[in-house]
2 protein chains.
Amino acid sequence: MKLSLDAMGGDNAPDINIDGAKQALDQVDSLEKLYLVGDEAELKRRCDAAGFGVDPRLEIVHAPEVVGMDESGLVAVRQKKHSSMSIAVDLVKDGVCDAVLSAGNTGAEVAACTIKLRLLQGVERAGIVSPIPNSRGYLLVSDTGANPDAKPSHLVGYAVMSAMMARYIYGIPEPRVAVMSNGTEDCKGSDFSKETHRLLRHLADKQLLPFQFIGNREGHDLFESDMDVALTDGFTGNILLKTIEATAKTFSHMIKDGIKKSPIAMVGALGMRGVFRSIGGRLNADSVGGCPLMGVKGVSIIAHGSASARAILNATRMAEGMCRHSVNSRIVDAMAPINEELRHLAEEESVK
Amino acid sequence: MKLSLDAMGGDNAPDINIDGAKQALDQVDSLEKLYLVGDEAELKRRCDAAGFGVDPRLEIVHAPEVVGMDESGLVAVRQKKHSSMSIAVDLVKDGVCDAVLSAGNTGAEVAACTIKLRLLQGVERAGIVSPIPNSRGYLLVSDTGANPDAKPSHLVGYAVMSAMMARYIYGIPEPRVAVMSNGTEDCKGSDFSKETHRLLRHLADKQLLPFQFIGNREGHDLFESDMDVALTDGFTGNILLKTIEATAKTFSHMIKDGIKKSPIAMVGALGMRGVFRSIGGRLNADSVGGCPLMGVKGVSIIAHGSASARAILNATRMAEGMCRHSVNSRIVDAMAPINEELRHLAEEESVK
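Residues numbered from 1 in each chain as written. Chains lettered and ligands numbered in written order. Predicted model: local features only at pLDDT ≥ 70, side-chain atom pairs only at ≥ 80, totals over all residues. Heavy atoms only, no water.

## Structural notes on the overall build of chain A
Inclusion rule: Numbering of helices and strands runs from the N terminus, with a helix taken as a DSSP run of H or I at least four residues long and a strand as a DSSP run of E at least two residues long. Throughout this description, buried means an accessible area under 20% of the type-specific maximum (1.4 Å probe, protein chains only), exposed means over 50%, and partly exposed covers the range between. Contacts are assigned to residue pairs with any non-hydrogen atoms lying within 4.5 Å of each other. Reported accessibility uses the Shrake-Rupley method at a 1.4 Å probe radius. Residues are deemed covered only where the shown protein chains occlude them. Charge assignment: positive for Lys and Arg, negative for Asp and Glu; neither His nor the chain ends contribute. Every charge is mapped to an atom, namely NZ of Lys, CZ of Arg, CG of Asp or CD of Glu.
Counting its secondary structure elements, chain A contains 12 helices and 11 strands. Along the longest, intermediate and shortest principal axes, the C-alpha atoms of chain A span 70 × 60 × 35 Å. Out of the 352 residues belonging to chain A, those deemed buried represent 58%. Of all intrachain contacts in chain A linking residues separated by at least 6 positions in sequence, the fraction that spans at least 24 positions is 73%. For chain A, the exposed area adds up to about 14200 Å²; of that, 50% sits on carbon and sulfur atoms. On chain A, the mean spot of the 39 positive side-chain charges and the mean spot of the 45 negative ones are 2 Å from each other.

## Considering the packing of helix α7 (residues 191-205) of chain A against helix α12 (residues 327-351) of chain A
Residue and element names in this part refer to chain A. Applicable threshold: Angles shown run from 0 to 180 degrees and are taken between the N-to-C directions of axes, each axis being a line fitted to C-alpha atoms and, for helices, limited to the stretch in contact. By the definition adopted for this analysis, an angle is roughly parallel if under 35 degrees, roughly antiparallel if over 145, roughly perpendicular if from 65 to 115, and oblique otherwise. Should the near helix be turned anticlockwise from the far one by less than a right angle, the crossing is left-handed, and should it be turned clockwise, the crossing is right-handed. Three classes are used: nonpolar for Ala, Val, Leu, Ile, Met, Phe, Trp, Tyr, Cys and Pro, charged for Asp, Glu, Lys and Arg, and polar for all others, with Gly counted as polar.
Interaxial distance between α7 and α12 falls to 11 Å at its minimum, and their mutual angle equals 115°. What the angle tells us is that α7 and α12 run roughly perpendicular. Crossing geometry of α7 relative to α12 is assigned as right-handed. In this structure, α7 uses R198, L199, H202 and L203 to contact α12, whose residues at the interface are I338, E341, L342, L345 and E349. Class assignment for the residues of the contact of α7 with α12 results in five nonpolar, one polar and three charged.

## What about the sheet that holds strand β8 (residues 212-217) of chain A?
All names here are of chain A. The condition is simple: For two strands to be treated as a pair, DSSP must find at least two bridges joining them.
Strands sit in the order β3-β2-β1-β4-β11-β10-β5-β6-β9-β7-β8 across an open sheet of 11 strands; the sheet is mixed. Taken across any chain shown, the strands that pair with only one partner, and hence form the sheet edges, are β3 (58-62) and β8. Between one strand and the next, the sheet's axes are offset by a mean angle of 25°, whatever the strand orientation. The sheet strands contacting helix α11 (residues 309-324) are β1 (2-6), β4 (99-102), β5 (127-134), β10 (290-294) and β11 (299-303), and the helix crosses β11 at an angle near 160°.

## What to know about the relation of the copies chain B and chain A
Note on the chain copies: they are related by a rotation about an axis and a translation along it. For the record, the criterion: The copies were overlaid with a least-squares fit restricted to C-alpha atoms from residues scoring a pLDDT of at least 70 in each copy.
Overlaying chain B on chain A yields an RMSD of 0.0 Å, the required transformation being a rotation through 180° with an accompanying axial translation of 0.0 Å. Seen this way, the second copy is the image of the first under a two-fold rotation axis. Considering only C-alpha atoms, the part of chain B nearest the rotation axis is G268(B), at 1.8 Å. A shared binding surface is used by both copies, with 100% of the interface residues of chain B retained as interface residues in chain A.

## Structural notes on the sheet that holds strand β9 (residues 229-231) of chain B
All names here are of chain B. Taken in spatial order, the 11 strands make up an open sheet running β3-β2-β1-β4-β11-β10-β5-β6-β9-β7-β8, and their pairing is mixed. What marks the edges here is a single partner per strand, and that holds for β3 (58-62) and β8 (212-217). Going from strand to strand, the sheet's axes swing by 25° on average, the running direction of each strand aside. In the sheet, strand β7 (residues 176-180) pairs with β9 via three bridges, with the strands oriented parallel. Looking at β9, one finds that A178 is bridged to A230. Packed on one face of the sheet, helix α4 (residues 84-93) meets β1 (2-6), β2 (33-38), β3 and β4 (99-102) and runs near 150° to β2. Docked against the sheet, helix α7 (residues 191-205) engages β7, β8 and β9, running at close to 160° with respect to β8.

## Things to note about the side chain of T247(A)
Looking at the element boundaries, T247(A) is found in helix α8 (residues 234-261). On the accessibility criterion, T247(A) (3% relative accessible area) is buried.

## Considerations on the interface of chain B and chain A
Many structure descriptions define interface size as the accessible area lost when the parts assemble. Keep this limit in mind: A simple way to read buried area is as the amount of 1.4 Å-probe accessible surface that goes missing from two parts once joined, with both sides added. When a carboxyl oxygen of Asp or Glu is within 4 Å of a side-chain nitrogen of Lys or Arg, the pair counts as a salt bridge.
Counting residues at the interface gives 51 residues for chain B, matched by 51 residues for chain A. The three residues of chain B that bury the most area against chain A are F235(B), F251(B) and M254(B), which together make up 15% of that side's buried surface. Remark: the boundary between chain B and chain A carries two salt bridges. A salt bridge links K242(B) to E218(A); the shortest N-O distance between them is 2.6 Å.

## Description of the confidence of the model for chain A
This is how it is decided: Confidence of the predictor at the level of single residues is captured by pLDDT, which takes values from 0 to 100.
For chain A, per-residue confidence averages 94 on the pLDDT scale, and 100% of positions sit at 70 or higher. For this predicted complex, the interface confidence score (ipTM) comes to 0.93, while the overall pTM stands at 0.95.

## A few points about the environment of M227(A)
All names here are of chain A. Of note, M227 is situated in the loop between β8 and β9 (229-231). Since its relative accessible area comes to 0%, M227 is described here as buried. With 178 residues separating them along the chain, M227 and A49 place their C-alpha atoms 47 Å apart.

## Things to note about unusual backbone geometry
Residue and element names in this part refer to chain B. Here the bond from A13 into P14 is cis, since omega is -5°, no more than 30 degrees from zero. Within the secondary structure, P14 is located in the loop between β1 and α1 (15-27). Of note, the bond from S142 into D143 is cis; its omega dihedral lies within 30 degrees of zero at 0°. Structurally, the position occupied by D143 is in the loop between β6 (137-142) and α6 (152-168).

## A word on the environment of R78(A)
Residues and elements named next belong to chain A. Summarising the element assignment, R78 is placed in helix α3 (residues 73-79). Owing to a relative accessible area of 55%, R78 belongs among the exposed residues under this scheme. Sequence separation of R78 and N17 is 61 residues, and the distance between their C-alpha atoms is 25 Å.

Pasting the structure below:
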């Protein structure tokens, strides 16, 4: 795999990207080439300082501009054509790289990849797939922010893309896919979720889905559940994901505050250090590293703004898996008969 | 206040309702009358067993049917006209009671109250307001499930209703109200949330809002934030609320599992018992007791299915506050000029 890394992306850029690149080159065997994209002089200086820069697999590509974390995504893509992010994506567009990785502005990364790389054949909209730890390993939630005004047919695409990721990246042969709703009963939901449910049920009855469709699931089912993939529009999905993060954070703050206030609790906390460490490790976003923006040509991994070097390493591993298993071409193959059936269904219903 | 209590509602009915009624009669001074609605023979027997039944403020009202927790709400209301829930709501409809309280099937309670009690003047849709503990005390999230296909104008109503609750129940003179979105910037959101934002901004500019509109907030802002009210449609709001509950639950399960596996952690946990107890108390839904279904004529409080007697007591206190402060008539007063302006705006825009 040839990887293009937006070295200037993220709250702690470029250092974590340089450190992450070093770890990735050390540990990801099939990484043939890694392009570090950003201010050439600065990157050279920092690579030298980090004792890193003589690896022939590493190449620095100059980019004079940086996309800020709070800039409008679309504006950034249109106006900063020489940003590290833009040039990093160009390397995939031009066929130099297989995958691009950035911990920068998510909106700008989604816009840059969608506009420059274009969509896979048969995919209507790109979506972000976010793995969250649950009782079955990881639950893949899609979309978590690329497409706030999704249509039901977009969610059919997200179902296929997430299922392929579950199968090839997480090794689940027959992923269980559900529609997020305000209750598990079939009758529950918004007009949008009910129509999504209806389309998936129809496709399941026709045996066209490369996964098991298990109906509706609700917020209570996120962690101790029977689902591998949870489908939602990007608006609700983004709120869902950030709500999990905020709740976990406030819970751990409450524990820390309680410990500070009581000497007995302080001693108790020493005994519980191992437990807290293990929970922290399990919930740490860096162990996943990044979330793929699925549905675009090429592989695009979006890391958290506060990503560490370990996150960059793990995101590189995810990119490598997506490339090695040709996940994109499997998505294209799976979508063809599904889209044909959806067209038939729409024609039939327009006649009625 | 005269309260009608659905004695058969909830996972642990009728015992928790009977115990809760006893506590409420003991502790809520202005509770003039409490009607326990359910199977008369059973309630009498249980009240006698609990050494309770001679209080002249208590009256048992017979209802031969019970709405199951998994029944369709609308079907239950239409087919079980003699259910404890239905008759409990009738007592408010007929002017016998000021407020109704049930820990039963939420969908059925929403349907029964909306159909039987009708909406307040100027209110388009009823909504559930759920208080969740945050750094400012309580954050009121609305709607959390009554209206999955809300329109932007419905959220304007939820804003006013929640703000009145924040002011009169939680003592916040100038509540800060935000629209939940997938990012805090004004440009972020779905078409739905952007239109809601636009209407509220317009009404704020005209100085017609009885609260401070602070723009968009995201999932990360739920707990450590500057907002008192978070607005969302009932679909996303229900997922948000259940996601908080699920995350808190999984977090505490992880801690418990960790403790079980290590003798050192077990000893540590003893020292931390006070901290865990205080967090458990703060997060316990029973301390709020119930969530009002706002926008209907009369006061309706929906308690959690797993409500305890303490939850019934606290929900009674909330009902009492809603009655004492005439929250409903304040909502009607606040909605009149807002609806007039929204009509003007719609007319102006239809001309363009």
